[in-house]
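Structure assessment
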Amino acid sequence: MTDRIYVGTRKGLFEIARQKKGVWAIADVHFLGDPVSALLSTDGALYAALDLGHFGSHLWKREGNAWRELGVPTFPPKPDDATDDPHPWSLGKIWSLESGFVSGRLWAGTMPGGLFRSDDVGESWKLVEALWMMPERKQWMGVAGGEQPGISAVLVDPRKPDEIRVGVSTAGVWASHDAGKSWRIMNRGGMYNEYMPPERREDPIAMDIHRLARCAAHPDTVWCQHHNGVFRSEDSGLSWTEVTAIKPSKFGFTVAAHPRDRNTAWFVPAIKDEKRVPVDGKVVVARTRDGGKSFDVLHKGLPQRHAYDLVLRHALDVAVDGTTLAFGSTSGGVWISEDGGDSWTAPEGRLPPINAVRFAA
Amino acid sequence: MPTVAFTRALERFLQAPPADVGGATVGEALGAVFASRPALKGYVLDDQGGLRRHVALYVNGRPVRDRVRLSDPVAASDRIYVFQALTGG
């Protein structure tokens, strides 16, 4: 659907509905006061991951109008000989939720870096132990100055649902060809990480993958908003080319890929890592329609004076029509476009800081 | 039998009424509650079975000592109270 948007914020889940062309409004509020860390809308159901802090993380599902709590991803008992593991064996939060394109299968990427799989549409979850037990995982680094790495993206190939790519902040892109039974580091060239020591700058495991997005109709085309730039892969994440034409800046967190046109993608840049605000206080969306050779800087309807909105990894989405887009900011701004980003409109209201934006499926 | 009571803040998510339960330790008493209310466990304990970092557990008005293994002994007349100070902006 292109007429309903779910917005997960630090203080609740907001449902935004299209009233008529160019007019959107908040239609409902759920979990008011509770942090929502991830959303998924698929097969008529809505999933909301709550990050309750004191009381842990929990997963809820809505079918029809009824919400109920599901089983939550839980780590197995930590072995006695795992004392050198720098990361906790306990769920921090669910950071990414995706459909598995197989009946009943869902994926959940978490902090501290565990990937979980459900085969019963979210009722129960199992840790993907083959990834969690890889010795290299102990090298994964924490995200946003924190102690825990996080799986920021899970890409499933709709043609071959056992082909999985996982993007990690900070540990590069990992690949499985067998629905999670075995794994290898995927990114083998083209990426670099400026903040690492020189001898580690091109180490695949040192890549801070802020967000990955793939073209649904051409799944080998994958876009990456990396900590220090934008990259594009044409071989499903194996090799990468830096997209240097991105403007007005190369830093950002999020990316959305057009569902059918492999050359079109959207980004929401910020100045740089130590200054995470829009360039010149102007909220803009950068759109390429030629595979990253050039970009349009789109601003019509977006705040252009003293706007300091930052858009996080999961807070930009494109609908299945490829022309309706929505994004939300850490300042609570929400903007929606019905023309591929050329112009934007905002629903009335002032929302809490936004973590996730998703169109209804 | 020890009594286990929970903060009312949990009522937003699920029912957590006070319960008179068996058990010689804090862990055993909590385990008895969770046996009848399994969904409650994840709100109080982390994945390794210790108290969640920001959850407080008092026995007769005093903080529990062993937050990891929950081995503090409890007697039949003891009152266990699970709560937290809500924080955040």
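Below is a short write-up of the structure. If you're wondering where the values come from, they're calculated on a predicted model, not measured in any experiment.

Moving on to the overall build of chain B. Check the secondary structure of chain B and you find two helices and five strands. Reading chain B from its N end, one meets helices and strands in the order β-β-α-α-β-β-β. The C-alpha atoms of chain B give 12 Å as radius of gyration, which agrees with the globular expectation for 89 residues (12 Å, within 12%). Taking the principal axes of the C-alpha coordinates as reference, chain B spans close to 40 × 25 × 25 Å. Looking at the 89 residues of chain B, the share that counts as buried comes to 29%. Contacts in chain B between residues far apart in sequence, at least 24 positions, make up 50% of those at least 6 positions apart.

So, about the interface of chain A and chain B. Facing 14 residues of chain A, the contacting portion of chain B comprises 12 residues. Taken together, the residues that form the side of chain A that touches chain B break down as six nonpolar, six polar and two charged.

What follows is about unusual backbone geometry. Along the chain, M111 of chain A connects to P112 of chain A via a cis peptide bond; the corresponding omega equals 20°. Relative to the assigned elements, P112 of chain A resides in the loop between β9 (106-111) and β10 (115-118). With an omega dihedral of 10°, the bond running from K247 of chain A to P248 of chain A counts as a cis peptide bond. Inspection of the secondary structure puts P248 of chain A in the loop between β19 (241-242) and β20 (251-257). Even without glycine at this site, S236 of chain A takes up a positive phi of about 65°. Along the chain, S236 of chain A falls in the loop between β18 (229-233) and β19. In this structure S236 of chain A comes out as partly exposed when scored by C-beta crowding, with 19 C-beta atoms within 10 Å. Even without being a glycine, L70 of chain B presents a positive backbone phi close to 55°. Looking at the secondary structure, you find L70 of chain B in the loop between β4 (62-63) and β5 (79-83).

All names here are of chain A. With respect to the secondary-structure elements, S233 resides in strand β18. You can call S233 buried: it has 24 C-beta atoms within 10 Å. Ignoring any residue separated from it by four or fewer positions in sequence, one finds S233 in contact with V222, L238, S239 and W240.

Moving on: the sheet that holds strand β1 (residues 3-6) of chain B. Strands belonging to one sheet form pairs held by backbone hydrogen bonds; the direction of such a pair is parallel or antiparallel. All names here are of chain B. The strand order β2-β1-β5-β3-β4 describes an open sheet built from five strands, whose pairing is mixed. Each of the sheet's edge strands pairs with one partner strand only, and the pair in question is β2 (19-20) and β4. Of the pairings in the sheet, the one linking strand β3 (residues 56-59) to β5 comprises four bridges and is antiparallel in character. The residue of β5 that forms the bridge with V59 is I80. This element, helix α1 (residues 26-36), spans β1, β2, β3 and β5 of the sheet and lies at about 70° to β1.

Here we come to the pairing of strand β4 (residues 36-42) of chain A. Regular strands show a simple pattern: their side chains alternate between the two faces of the sheet. All names here are of chain A. Of all seven residues that make up β4, six are buried, and the element is covered over most of its length. In the sheet, β4 pairs with strand β5 (residues 45-51) via six bridges, with the strands oriented antiparallel. Residue pairing for β5: L40 is matched across the bridge by Y47. Counting the residues in the hairpin turn of β4 and β5 gives two residues, including D43, whose phi is positive at 50°.

The next thing to look at is α1 of chain B. All names here are of chain B. Among all positions of α1, only V26, G27, A29, L30 and V33 are buried. Burial along α1 is one-sided: seen end-on, the buried residues are contained in an arc of 165°. Residues of α1 that are exposed and angled more than 90 degrees away from the buried face: A35 and S36. Among the structural elements, β1, β2, α2 (38-44), β3 and β5 are those in contact with the buried residues of α1.

Before going further, it helps to examine the pairing of strand β25 (residues 325-328) of chain A. All names here are of chain A. Neither face of β25 is open: one carries L325 and F327, the other A326 and G328, and all of them are buried. Across three bridges, the pairing between strand β24 (residues 316-318) and β25 is antiparallel. Across the sheet, the residue bridging to L316 is F327, located in β25. Between the end of β24 and the start of β25, which pair antiparallel, lie six residues, with G322 showing a positive phi angle near 75°. Bridge count between β25 and strand β26 (residues 334-337): four bridges; the pairing is antiparallel. By the bridge assignment, L325 is partnered in β26 with S337. The loop that links β25 with its antiparallel partner β26 comprises five residues; one of these, G332, has a positive phi angle of about 85°.

Here is what the cut-offs are and how they apply
Residues numbered from 1 in each chain as written. Chains lettered and ligands numbered in written order. Predicted model: local features only at pLDDT ≥ 70, side-chain atom pairs only at ≥ 80, totals over all residues. Helix = DSSP H or I, 4+ residues; strand = E, 2+ residues; numbered from the N terminus. Rg over C-alpha atoms; globule rule 2.2 N^0.38 Å. Buried ≥ 20, exposed ≤ 12 C-beta atoms within 10 Å, placed from the backbone. Contact = placed C-beta atoms within 7 Å. Nonpolar A, V, L, I, M, F, W, Y, C, P; charged D, E, K, R; others polar. Pairing = 2+ DSSP bridges. Axes fitted to C-alpha atoms, helices over the stretch in contact; angles between N-to-C directions. Arc of directions from axis to C-beta.

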